[in-house]
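Understanding the architecture of this molecule
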Amino acid sequence: AGTGVRVRRGCGSWARGCRRRVSGVMSAHSVQTEGGKQLFAQASAVSIHTGNIVNWSRLKKKCPTSPSEELQDCIRETLEKWCTQVNPELLKDPPATLECTITQDVDSISPEEREEVKVSAKLFLNDPGSSGIKDAVEKACSALEVSQLDSVILAPPPLADGASLSLAHLQPYWEELETLVRSQSIVAIGTSDLDKVLLEQLYQWAQVKPSSNQVNLASCCVMPPELTAFAKEYDIQLLTHSDPKELIPMLSFQEAVVASMQDNLAYEWITKWVLRYSVIVKSRGIIKSKGYFVYAKRIHY
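Below or above, wherever it landed, is the structure these notes cover.

1. Side note on the overall build of the chain
Tallying secondary structure elements over the chain gives eight helices and nine strands in all. Split into buried and exposed, the 301 residues of the chain put 45% on the buried side. For the chain, contacts bridging at least 24 residues in sequence account for 72% of all contacts bridging at least 6. Per element, the accessible surface of the chain, about 15700 Å² overall, is 54% carbon and sulfur.

What follows is the structure, encoded as structure tokens:
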């Protein structure tokens, strides 16, 4: 009986010690999380990098129904995880632009494997007033530790209702891409959702010709014959995609911020651009890595 009493006391003491240790860990975790939310509330801009999402088991289990849903999930998960790893030192001098990246989720490309993979990207622009093309490409190259991206496809900003995309809309963005090709930051550049007329206009005007054009098969079940003929004549690769015009609508981004940060001023955030990248093993045609860069600014109403 005496032995039983000693065992119970020992267990109680051990349990209290465990509770204290767990409480200490949870307290530190809570401090970091609250610190992250505080930094986010004070920031005027945020740059989010999801890292490689190919190995995210939570995405595999959920199976997002659309590219937009996948991106929204990735933003929420990245912000939640970033919050738990914030360096308290940042609170002493909060940066205006937060870099929200989970370092251990980033798969950089070693010099030895660079020739074996192709790095492709699609850049979705949301703001007609500022493109961010150079910034997006530089961020991708820096994170992946490569000197250049093999291809970048441009998705221009959504137009106002009733407006039609024209060469004049495309020209400023295309000139920025051409500059990056000349500086060897990009090898090839392409377009998205151009019909034959606009693709021909761009081809004739551009100094660096489009190497590809994506077609959304949701809007046309079969490639238009005139587009196919033009692309074949000028060696432009026609690709298909299922992306919406706006990959992450403003409301969807704000919902992700509310879910992860409980930010009461989430309505002040607007996305400026999104860059989605894929690292493909050339010999096998499989995606080794895939991720998103998202840049958003806070607009004070």
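2. Concerning the packing of helix α5 (residues 167-182) against helix α6 (residues 196-205)
Between α5 and α6, the shortest axis-to-axis distance is 11 Å and the interhelical angle comes to 45°. Accordingly, the angle class assigned to the pair α5 and α6 is oblique. Our pair here, α5 against α6, has a crossing hand that is right-handed. Contacts from L167, L170, Q171, W174 and E175 of α5 reach α6 at L198, Q201, L202 and W205.

3. What to know about helix α4 (residues 133-144)
The terminal C-alpha atoms of α4 lie 17 Å apart, and with 12 residues this matches the ideal 16 Å at 1.5 Å per residue to within 8%. Turning to α4, its buried residues number three or more, namely I133, A136, V137, K139, A140, C141 and L144. Two residues or fewer past α4, E145 is found with a positive phi of approximately 60°.

4. Here we look at the sheet that holds strand β5 (residues 186-192)
Strand order in the open sheet formed by nine strands is β2-β1-β9-β8-β3-β4-β5-β6-β7, and the pairing between neighbours is mixed. Looking at the sheet topology across the chains shown, the edges are occupied by β2 (97-101) and β7 (237-241). If you compare each strand with its neighbour and ignore which way they point, the axes differ by 20° on average. The pairing of strand β4 (residues 149-155) with β5 spans four bridges and is parallel.

5. Remarks on the pairing of strand β9 (residues 286-298)
Judged from the five bridges that link them, strand β1 (residues 45-49) and β9 form a sheet pairing that is antiparallel. Looking at the pairing, S47 lines up with Y295 of β9. The antiparallel hairpin formed by strand β8 (residues 269-281) and β9 contains four residues in its connecting segment, where G285 sits at a positive phi of about 65°.

Cut-offs applied
Residues numbered from 1 in each chain as written. Predicted model: local features only at pLDDT ≥ 70, side-chain atom pairs only at ≥ 80, totals over all residues. Heavy atoms only, no water. Helix = DSSP H or I, 4+ residues; strand = E, 2+ residues; numbered from the N terminus. Buried < 20%, exposed > 50% of the residue type's maximum accessible area, 1.4 Å probe, protein only. Contact = heavy atoms within 4.5 Å. Areas by Shrake-Rupley, 256 points an atom, 1.4 Å probe, with all protein chains shown as cover. Axes fitted to C-alpha atoms, helices over the stretch in contact; angles between N-to-C directions. Parallel < 35°, antiparallel > 145°, perpendicular 65-115°, else oblique. Left-handed = near helix turned anticlockwise from the far one by under 90°. Expected span 1.5 Å × (residues − 1). Pairing = 2+ DSSP bridges.

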